[in-house]
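Listed below, chain by chain, are the residues.
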Amino acid sequence: MGIEGNDWVLMKTARAPSNIAVIKYWGKRDENLILPINSSISVTLDYLFATTTVAVSPSFTSDRLWLNGKEVSMESKRYKNCLQQIRSRATDVVDEKTGLVVKKESWKDLYVHVASKNNFPTAAGLASSAAGFACLVYALAHLMGAKESYEGEFSTIARLGSGSACRSLYGGFVKWNMGKEDDGSDSIATQIVKKDHWKDLVIIIAVVSSRQKETSSTAGMQTSVKTSPLLQHRAQSVVPKRMVEMEEAIMKRDFATFAKLTCADSNQFHATCLDTSPPIFYMNDTSRRLIGLVEKWNASEGTPQAAYTFDAGPNAVLFAPDDKVARSLLQRILYLFPPASDADISRYVVGDQSIMELAG
Ligand code: ADP
Ligand code: DP6
Ligand code: CO
């Protein structure tokens with residue numbers, strides 16, 4: 001089959017995970033290239049993911065995107081930048097099933113259709129933009145036969161879609177180095193260590209609300225950069241030291257330090273939001289009750305049993321050092337937020353990550 005006719009469609013599907021920052025990115029030094037004012041560290045959340053199908057056909061007359069079943073505009077520069085970067089790296093592609101050949105020079109004249117779905121709440125502070133853009137870049141690269149010319153190049157392209165997306169191209173524990181260059185070529189994500197380095201660590205995601213947030217991360221951090229004195233202090237004097245300490249804690253599987261830094265960084269990020277004018281509130285009463293639960297428990301034991309962190313939304317990501325402590329944590333959460341039915345808590349434990357819905 002040649003590519004002369006209009007009757008063919010080439011399609012690829014990919015899946016990419018979300019991630020939760022334990023040292024948060026908040027604030028850009030370049031809005032267009034999405035360059036951050038500080039480095040960040042995340043843990044990849046394998047059970048929350050985006051699934052994206054990208055298709056190309058000569059019969060398509062424009063680039064189009066469907067997100068969770070609804071068409072949304074692909075006009076934003078974020079989608080355009082990602083698409084343009086992958087298109088410019090496209091190569092000759094041969095479809096093994098049909099023998100269809102798409103020549104390198106044809107890609108610039110072909111439009112794409114994209115359909116993406118998240119298996120978790122979109123725009124609710126569980127990093128849907130991270131999973132979504134990492135998935136889009138990965139799927140497009142696969143479709144167009146684009147290859148990285150250096151390791152981490154695709155992370156710089158995903159970053160053009162959403163900053164946190166650069167970290168979702170890797171599993172386990174991931175670092176996004178803010179970089180120094182004006183063109184963003186060194187503002188890149190790399191894996192610190194694989195997930196199986198810290199097998200005992202348990203992650204519990206407590207979905208407090210699936211509602212879309214009122215202030216997007218993009219808009220929120222823009223206002224913080226303009227108005228929050230705390231943000232400048234954080235980026236310059238707090239985060240650089242925490243980056244070193246956090247990486248060390250992860251390498252040593254030092255849960256006490258990991259927990260202390262994770263909670264402190266989440267709290268400072270939300271303090272920065274409050275220091276923004278007008279202030280931004282991402283957490284709600286349920287979020288604060290979860291913080292209270294963990295803080296009281298940790299204080300009563302004298303050493304951290306669990307850690308919490310909240311991105312730009314009310315939903316909690318909780319960490320426990322092992323299965324036994326995780327069960328105890330779940331029990332405490334269920335005591336505070338009794339489920340409607342008499343649920344057995346073990347049903348929430350799915351491998352090393354669980355998702356539970358809380359009322360309120
Ligand atoms: P979140 O906390 O979920 O990351 P953001 O405000 O950072 O929220 O980003 C939400 C935006 O990310 C959505 O409005 C949409 O533009 C984009 N997005 C989310 N999921 C996807 C996806 N699967 N594919 C493409 N874009 C996505
Ligand atoms: C609080 O990556 O969603 O989740 O780069 O504007 O798309 P844009 O913002 P986004 O911001 C994430 C902020 C955060 C912290 C983090 O993930 O590091
Ligand atoms: Co986001």
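Preceding this section is the structure that the text describes.
First, a word on what this report is: a plain description of the structure on this page.

What counts, and at which threshold
- Residues numbered from 1 in each chain as written.
- Chains lettered and ligands numbered in written order.
- Predicted model: local features only at pLDDT ≥ 70, side-chain atom pairs only at ≥ 80, totals over all residues.
- Near = placed C-beta within 6 Å.
- Nonpolar A, V, L, I, M, F, W, Y, C, P; charged D, E, K, R; others polar.
- Axes fitted to C-alpha atoms, helices over the stretch in contact; angles between N-to-C directions.
- Helix = DSSP H or I, 4+ residues; strand = E, 2+ residues; numbered from the N terminus.
- Parallel < 35°, antiparallel > 145°, perpendicular 65-115°, else oblique.
- Left-handed = near helix turned anticlockwise from the far one by under 90°.
- Contact = placed C-beta atoms within 7 Å.

**Re the site of ligand 2**
Piece 1. With respect to spatial proximity, 15 residues lie near ligand 2, and among them Ala21, Ser162, Gly163, Ser164 and Thr218 are the closest.
Piece 2. A per-class count over the shell around ligand 2 returns 6 nonpolar, 7 polar and 2 charged.

**Focus: the packing of helix H7 (residues 285-301) against helix H8 (residues 323-336)**
Piece 1. At their nearest, the axes of H7 and H8 sit 11 Å apart, and the two run at 135° to each other. Accordingly, the angle class assigned to the pair H7 and H8 is oblique. You can see that H7 and H8 cross each other, and the crossing is right-handed. Every residue of H8 that contacts H7 at Arg289, Leu293 and Trp297 is listed here: Arg332, Ile333 and Leu336.
Piece 2. The residue makeup of the contact of H7 with H8, split by class, is 4 nonpolar, no polar and 2 charged.

**Quick look at the packing of helix H1 (residues 77-87) against helix H3 (residues 153-161)**
Piece 1. One can describe the packing of H1 onto H3 by two numbers: an axis separation of 7 Å at closest approach and a directional angle of 155°. By the angle between their directions, the pair H1 and H3 is classed as roughly antiparallel. Contacts between H1 and H3 involve Arg78, Asn81, Cys82, Gln85 and Ile86 on the former and, on the latter, Ile157, Leu160 and Gly161.
Piece 2. Looking at side-chain class alone, the contact of H1 with H3 contains 4 nonpolar, 3 polar and 1 charged residues.

**Digging into the site of ligand 1**
Piece 1. In the vicinity of ligand 1 lie 21 residues, with Ser128, Ser129, Gly132, Ser216 and Ser217 positioned nearest.
Piece 2. When residues of the shell around ligand 1 are traced back to their parent elements, those giving at least two are strand S9 (111-118) and helix H2 (128-144).
Piece 3. Counting residues per element, the shell around ligand 1 draws most heavily on H2, at 5 residues.
Piece 4. Residue composition of the shell around ligand 1, grouped by class: 9 nonpolar, 11 polar and 1 charged.

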